[in-house]
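Reading the structure
As a plain string of letters, each chain reads:
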Amino acid sequence: MSFLGRCFTWNGIASRDFGLILASINNSLNEVPSGSGIEIQGVSSIKNPRKLFLGAKENQVLEFPIEIVSEKPLDLPTFLRIKQWLFGNPGYHKLQIEDEWYSDFYFNCILKPSEDIKFGGEYFGLRCNVECDSPYAYTFPQTKIYNFDSSVINYFEFDNFSAEIYGLRPIIEFKMSKSGKEFSIKNLATNREFKMIDLSPNEVITVDNQNEIITSSTGLNRFKNLNKGRNQGYFSLAHGLNKLECHGLLEYLKITYQFAVRLGGG
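For the structure given in this document, a descriptive report is provided here. Quantities reported herein were computed from a predicted structural model and do not represent experimental measurements. (Residues numbered from 1 in each chain as written. Predicted model: local features only at pLDDT ≥ 70, side-chain atom pairs only at ≥ 80, totals over all residues. Heavy atoms only, no water.)

What to know about the overall build of the protein chain
Rules: Secondary structure follows DSSP: runs of H or I at least 4 residues long count as helices, runs of E at least 2 residues long count as strands, and numbering of each begins at the N terminus. Should any heavy atoms of two residues lie within 4.5 Å, those residues are counted as being in contact. Computed by Shrake-Rupley with a 1.4 Å probe, the accessible areas treat only the displayed protein chains as cover when residues are assessed.
Looking only at helices and strands, one finds 1 helix and 20 strands in the protein chain. Within the protein chain, contacts between residues at least 6 apart in sequence are counted, and of these 70% link residues at least 24 apart. In the structure as shown, the protein chain presents an accessible area of about 14800 Å², 49% of it carried by carbon and sulfur atoms.

Here you go:
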């Protein structure tokens with residue numbers, strides 16, 4: 001038995017509360033899933049030996065096995081409480097591994113029970129499979145705040161390290177000034193523009209660009225105030241450095257984001 005000795009946090013509860021760590025028992029430590037599985041979309045023709053690339057679909061979620069063990073035998077009531085903690089609350093939850101390489105990231109996942117681990121008739125832990133909700137692990141949410149001066153045009157930069165193949169679609173929040181009526185962000189890296197018009201003074205708008213949800217401090221439905229068309233619509237960030245050209249009289253702009261990372265498990 002070779003203990004890796006990594007503690008972890010699952011659904012807000014630390015494994016050390018139960019005296020548990022992640023381990024590898026009679027398994028190879030040299031090969032683990034790499035993450036970021038994608039399905040390539042393509043088409044071929046009779047007279048062309050090369051397949052035409054149409055795009056990539058991020059529908060292959062990350063999966064990997066883990067082993068959760070105790071260095072001391074677990075009595076049955078404790079073992080059942082552990083199982084209830086790990087498997088008794090269905091849905092996706094955060095799994096964070098306490099390790100110098102992993103501690104800045106988490107897997108949003110479901111744990112699926114596999115086998116109990118017993119030695120000499122006593123319980124020492126269990127094996128289970130981790131099924132994530134995407135091909136990636138994620139950094140914890142962070143927020144950048146951009147304060148605006150009295151100019152109608154302001155320029156900012158955002159460096160996007162996310163691994164998502166179609167870019168990062170963060171949550172943005174902005175507050176109009178007492179004389180502001182419209183606001184736009186033109187991403188000079190992609191020439192794509194996010195623009196909202198006919199807003200109210202001092203109004204606070206929050207836009208979840210990933211899920212395409214717009215909320216306003218006025219309580220009004222502001223979907224119709226978003227310009228939609230060629231190179232216009234919800235806000236997104238390309239890979240690498242994005243230069244943002246902001247038009248409008250604002251008090252502030254907040255960008256809340258998480259970077260997806262190609263991080264294997266196991």
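Quick notes on the sheet that holds strand β15 (residues 192–196)
As a reminder, the rule being used: Pairing between strands is defined by DSSP: at least two bridges between them are needed. Only the stretch in contact is used when a helix axis is fitted, and all axes are lines through C-alpha atoms; the angle between N-to-C directions ranges over 0 to 180 degrees.
Here we have 4 strands laid out as an open sheet, ordered β12-β18-β14-β15, and antiparallel in their pairing. Each edge of the sheet is formed by a strand with only one pairing partner; in this case those strands are β12 (153–160) and β15. Each neighbouring strand pair of the sheet contributes to a mean axis angle of 20°, computed without reference to strand direction.

Comments concerning the pairing of strand β19 (residues 250–257)
Where strand β11 (residues 142–147) meets β19, 6 bridges bridge the pair, whose relative direction is antiparallel. The residue of β19 that forms the bridge with K144 is I255. Looking at chain direction, strand β13 (residues 171–176) and β19 are connected through 6 bridges and run antiparallel. Considered in β19, the bridge of E173 is made with K254.

What to know about helix α1 (residues 76–87)
What counts is decided by this rule: One fewer than the residue count of a helix, multiplied by 1.5 Å, yields its expected span. Burial classes: relative accessible area under 20% of the type maximum marks a residue as buried, over 50% as exposed, and values in between as partly exposed (1.4 Å probe, protein chains only). The reported arc concerns the directions from the helix axis to the C-beta atoms and nothing else.
Across its 12 residues, α1 extends 16 Å between first and last C-alpha, which sits within 8% of the 16 Å expected from 1.5 Å per residue. Listed as buried for α1 are T78, F79, I82, W85 and L86. Down the axis of α1, the sector holding all buried residues measures 120°, keeping them to one side. Among the exposed residues of α1, those oriented more than 90 degrees off its buried face are P77 and Q84.

A look at the nonpolar core
Rule in force here: Only buried residues count toward a nonpolar core. Its members are Ala, Val, Leu, Ile, Met, Phe, Trp, Tyr and Cys residues joined through side-chain atoms within 4.5 Å.
Counting residues in hydrophobic clusters, the biggest one holds 27 residues, and the most contacted among them are F174, F183, F194 and L253. Elements represented by at least two residues in this core include exactly β12, β13, β14 (183–187), β15, β16 (204–208), β18 (240–247) and β19. Per-element accounting of this core gives the leading share, 4 residues, to β19. With residues near it in sequence (within four places) discarded, F174 still touches F183, F194, M196, L199, E203, V204, I205, L250, Y252 and L253. In this structure, W10, L20, L74 and A137 belong to the second largest nonpolar core, which totals 26 residues.

Details of the side chain of H93
Operational definition: Think of a polar contact as two N or O atoms within 3.5 Å of one another; within protein, one of them needs to be a possible hydrogen donor and the other a possible acceptor, and neighboring residues in sequence only count if both atoms come from side chains.
Within the fold, H93 resides in strand β7 (residues 93–98). Polar side-chain contacts of H93 include one of 3.2 Å to the side chain of N11. Here H93 is in contact with W10, N11, F107, N108 and C109, once residues within four sequence places are set aside.

Observations regarding the sheet that holds strand β17 (residues 213–216)
Strand pairing within a sheet occurs via backbone hydrogen bonds; the two strands may be parallel or antiparallel. Pairing is antiparallel in the open sheet, where 5 strands are placed in the order β11-β19-β13-β16-β17. Edge positions in the open sheet fall to β11 and β17, since each of these has one partner strand only. Averaged over all neighbouring strand pairs, the angle between strand axes comes to 15°, with direction disregarded. Relative to β17, β16 runs antiparallel, the two sharing 4 bridges. Pairing of V207 across the sheet is with I214, part of β17.

Remarks on a nonpolar patch on the surface
Cut-off, in case you're wondering: Patch members must show over 30% relative accessible area and no salt bridge, and they are joined within 9 Å when carrying like charges or within 5 Å when they are nonpolar side chains of Val, Leu, Ile, Met, Phe, Trp or Tyr. By definition, a salt bridge exists where a carboxyl oxygen of Asp or Glu is found within 4 Å of a side-chain nitrogen of Lys or Arg.
On the surface, V152, I153, Y155 and L188 cluster together into a nonpolar patch covering about 380 Å² of accessible area. Relative to the assigned elements, V152 resides in the loop between β11 and β12.

What to know about the packing of aromatic side chains
Counted only if it meets this: The criterion for an aromatic pair is that two Phe, Tyr or Trp rings (for Trp, the six-membered ring) have centres within 6.5 Å, with stacked assigned to planes under 30 degrees apart, edge-to-face to planes over 60 apart and tilted to the rest. For a lysine, the NZ atom is tested; for an arginine, the CZ atom; a charge sits over a ring if that atom is within 6 Å of the ring centre and within 35 degrees of the ring normal.
Applying the stated criterion across every chain yields a total of 16 aromatic pairs. Between F79 and Y123, the aromatic rings sit 4.4 Å apart at their centres with planes inclined by 20°, giving stacked as the arrangement. In this pair, F79 is assigned in helix α1 and Y123 in strand β9 (residues 122–132), connecting sequence segments 44 residues apart. Their ring planes at 85° and their centres at 4.9 Å tell us that F158 and Y257 sit as a pair that is edge-to-face. In this pair, F158 is assigned in strand β12 and Y257 in strand β19, connecting sequence segments 99 residues apart. With relative accessibility at 0%, the residue F158 sits in the buried group. On the basis of relative accessibility, which here comes to 7%, the residue Y257 falls in the buried class. Cation over ring: K144 sits above F158, and NZ or CZ is 5.9 Å from the ring centre.

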